[in-house]
Amino acid sequence: MFTGIVTEIGSVISNGQRNDVQRVAIACKFKPEDLVIGGSIACNGICLTVVSHDGGEGGETVFEVDAAPETLNVTTASEWDIGYRLNLERPLKVGDELSGHMVSGHVDAVVSIVDREDLGETTRFWFELPKSVSGMIAPKGSVTLDGTSLTINSVKEDRFDCLLIPHTLQATIWNERKKGDRINLEVDLIARYVARLAETA
C-alpha cells in the first residue's frame, strides 16, 4: 500500500524486453538499503517489484523493475523511454503517517491532460473522464494521478480538474506535464467499493 505522497523522482536509464516482460532500470536518490529486493515500489502510480539494485554513479542508486504484459497494456509503462522521469514512492510501513490517502498502485485507467492553466503559483490541470471510472470521480474526492494523491476540484461532463500547489509542482514531475500527456489514474479505494456495492445491489 502507498499514500500518494511522492518522495523521490527517478529517471529511466534503460528499458529492454526480457521474454514476455519489459525490464526497466531507474536511477534515483534512494539509498540502496531503502529498496528491498522483492519489495514494492510505486512508479508513476504503478505498483512494481524491485528485482535488483546497486549504487550508481554520482551517489545515485539504480534499481530494476519488471513490467508484465498486463501492466504494459493498461498503464503508461510501455511509453517509458530512456530519460523518462517518474514519481516514486516506497510502500507504506505500519505506523507511518498517512498524509495522502490509501493507494494500492493498481491503475484503473490511462487519461489524457486536456488542458493546463498556469495561474501564477498554482496550476490547474484538466483531464478526460473515461466512462469506466466516471461514477467514482467526485468533486472534493481523492484521486491518484501518476502516483500523486490529489483532490478533485470539479467534474464537468466528460472532464475533471485538479489544482496543484507550488510544493506539489516542485516535488514531483507535474511541472513538466503538458496538454496531451497520458497519465495513470487510480480511483479512491472507498469509491471503488461503494460503486461495486451499488452495482451489485
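Below or above, wherever it landed, is the structure these notes cover. Keep in mind that what you see is a predicted model, and the values were worked out from it rather than measured. (Residues numbered from 1 in each chain as written. Predicted model: local features only at pLDDT ≥ 70, side-chain atom pairs only at ≥ 80, totals over all residues. Heavy atoms only, no water.)

## A look at the sheet that holds strand β3 (residues 40-43)
Right, so step 1: Reading around the barrel, the 6 strands line up as β1-β2-β5-β4-β3-β6 and close back on themselves, with antiparallel pairing between neighbours. Going across the sheet, the axis of each strand differs from the next one's by a mean of 45°, ignoring polarity.
Right, so step 2: Bridge analysis of strand β1 (residues 8-18) against strand β2 (residues 21-28) gives 7 bridges, and the strand direction is antiparallel. In the strand pairing of β2, V12 is matched with I26. (Pairing = 2+ DSSP bridges. Helix = DSSP H or I, 4+ residues; strand = E, 2+ residues; numbered from the N terminus. Axes fitted to C-alpha atoms, helices over the stretch in contact; angles between N-to-C directions.)

## Focus on the layout of surface pockets
Right, so step 1: Empty space within the second largest pocket amounts to approximately 240 Å³.
Right, so step 2: Within the residue set of the lining of the second largest pocket, elements represented by two or more residues are β10 (148-156), β11 (159-164) and α2 (166-171).
Right, so step 3: No other element matches β10, which puts 4 residues into the lining of the second largest pocket.
Right, so step 4: Grouping the amino acids of the lining of the second largest pocket by side-chain chemistry returns 7 nonpolar, 7 polar and no charged. (1 Å grid on protein atoms, 1.4 Å probe; cavity = no way out; pocket = protein on both sides within 12 Å on 5 of 7 lines; lining within 4 Å. Points joined across faces, edges and corners; volume = space filled by probe spheres on them. Nonpolar A, V, L, I, M, F, W, Y, C, P; charged D, E, K, R; others polar.)

## Side note on the pattern of salt bridges
Opposite charge on two side chains lets them pair, provided their charged atoms get close.
Right, so step 1: Applying the stated criterion across every chain yields a total of 11 salt bridges.
Right, so step 2: Here R23 ties to E64 by a salt bridge, and the two come within 3.9 Å at their closest N and O atoms. On the criterion of sequence distance, the pair formed by R23 in strand β2 and E64 in strand β5 (residues 61-67) is long-range, its members being 41 residues apart.
Right, so step 3: Residues joined by salt bridges that share partners form a network here, namely D146, R177, K178 and D181. (Salt bridge = Lys/Arg side-chain N within 4 Å of Asp/Glu carboxyl O.)

## Describing unusual backbone geometry
Right, so step 1: Located in the positive-phi region is N19, a residue other than glycine, with phi close to 55°.
Right, so step 2: Its place among the elements puts N19 in the loop between β1 and β2.

## Some words on the pairing of strand β8 (residues 123-128)
Right, so step 1: Within β8, 5 of the 6 residues are buried, which leaves it mostly tucked inside the rest of the structure.
Right, so step 2: Connecting strand β7 (residues 109-118) to the antiparallel partner β8 that follows it, the hairpin turn spans 4 residues, and G120 within it adopts a positive phi of roughly 115°.
Right, so step 3: For β8 and β11, the ladder comprises 6 bridges, and the chain directions are antiparallel. Within the sheet, the bridge partner assigned to W126 lies in β11 and is D161. (Buried < 20%, exposed > 50% of the residue type's maximum accessible area, 1.4 Å probe, protein only.)

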